[in-house]
Amino acid sequence: MRIAIGSDHRGTKLRARIVELLRRWGQEVIDVGTQESGPIDYPDVAQQVARRVSAGDADRGILICGTGLGMAIVANKYPGVRAAPCHDELTAELSRRHNDLNVLCLSGDMLKDSPIDGLIKVWLSTPFEGGRHARRVRKIAELERHNGRM
Ligand code: RB5
């Protein structure tokens, strides 16, 4: 799987751990940084990951800032991107089963020293359930198309 990953300054520590994990698991990682040592604005990073997922240049994205919230707000501006913060294995699993989440947003502040392997593994391996959830996800895509014409 091609996975684009990025963080602002509040997510660099967690990002480094996740990049290492993903490479160890044989995933193709597109690390967009930040490589800056100082503060960086999260929209500048989120757009680099979301653009790739939206265009099909990456299969999934992972974005990390202090809370995961700002990254999700920005990423969801891109067509076809479904981004949300997940905090544990349960939210990661349900985000895949029900929402077909393709951009995982994480809190660098809350998770930087916590075990992360389980959450990432669950999020990568859990399939979308389809069925009634596919109908709901289709409605999101219809809203995107409709709002694009407004
Ligand atoms: C940066 O201070 C902080 O606002 C950012 O990392 C993120 O938490 C925003 O949602």
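These remarks concern the structure in this document. (Residues numbered from 1 in each chain as written. Predicted model: local features only at pLDDT ≥ 70, side-chain atom pairs only at ≥ 80, totals over all residues. Heavy atoms only, no water.)

**Let's talk about the sheet that holds strand β4 (residues 83–85)**
- Across the sheet, five strands lie side by side as β2-β1-β3-β5-β4; this open sheet has parallel pairing. Of all strands in the sheet, those with a lone pairing partner are β2 (28–31) and β4, marking the two edges. Neighbour-to-neighbour, the strand axes of the sheet open up by a mean angle of 20°, direction not taken into account.
- Across four bridges, the pairing between strand β1 (residues 2–7) and β2 is parallel. Within β2, the position partnered with I5 by the bridge is D31. (Pairing = 2+ DSSP bridges. Helix = DSSP H or I, 4+ residues; strand = E, 2+ residues; numbered from the N terminus. Axes fitted to C-alpha atoms, helices over the stretch in contact; angles between N-to-C directions.)

**Side note on helix α7 (residues 132–149)**
- Its 18 residues give α7 an end-to-end C-alpha distance of 27 Å, which sits within 8% of 26 Å, the value for a rise of 1.5 Å per residue.
- Of the surrounding secondary structure, the elements contacted by the buried residues of α7 are α4 (89–97). (Expected span 1.5 Å × (residues − 1). Contact = heavy atoms within 4.5 Å.)

**Concerning the nonpolar core**
- With 22 residues, the main nonpolar core has I18, L22, I62, L104, L106, I116 and I120 as its most contacted residues.
- At the level of secondary structure, the elements contributing two or more residues to this core comprise β1, α1 (12–24), β3 (60–65), β5 (103–107) and α6 (117–125).
- Membership of the second largest hydrophobic core comes to 18 residues, among which are V49, L63, A75 and C105. (Core = buried A, V, L, I, M, F, W, Y, C linked by side-chain atoms within 4.5 Å. Buried < 20%, exposed > 50% of the residue type's maximum accessible area, 1.4 Å probe, protein only.)

**Things to note about the side chain of R60**
- With respect to the element layout, R60 can be found in strand β3.
- Summary of buried charges: R60 has no salt-bridge partner, and the nearest side chain of opposite charge, D100, is 6.0 Å away.
- A polar side-chain atom of R60 sits 3.1 Å from the main-chain carbonyl oxygen of W123.
- Excluding residues that lie within four positions of it along the chain, R60 makes contacts with M1, R2, I3, A4, V53, R96, L101, N102, W123 and L124. (Lys, Arg positive; Asp, Glu negative; His and termini not counted. Salt bridge = Lys/Arg side-chain N within 4 Å of Asp/Glu carboxyl O. Polar contact = N/O pair within 3.5 Å; in protein donor to acceptor, adjacent residues only side chain to side chain.)

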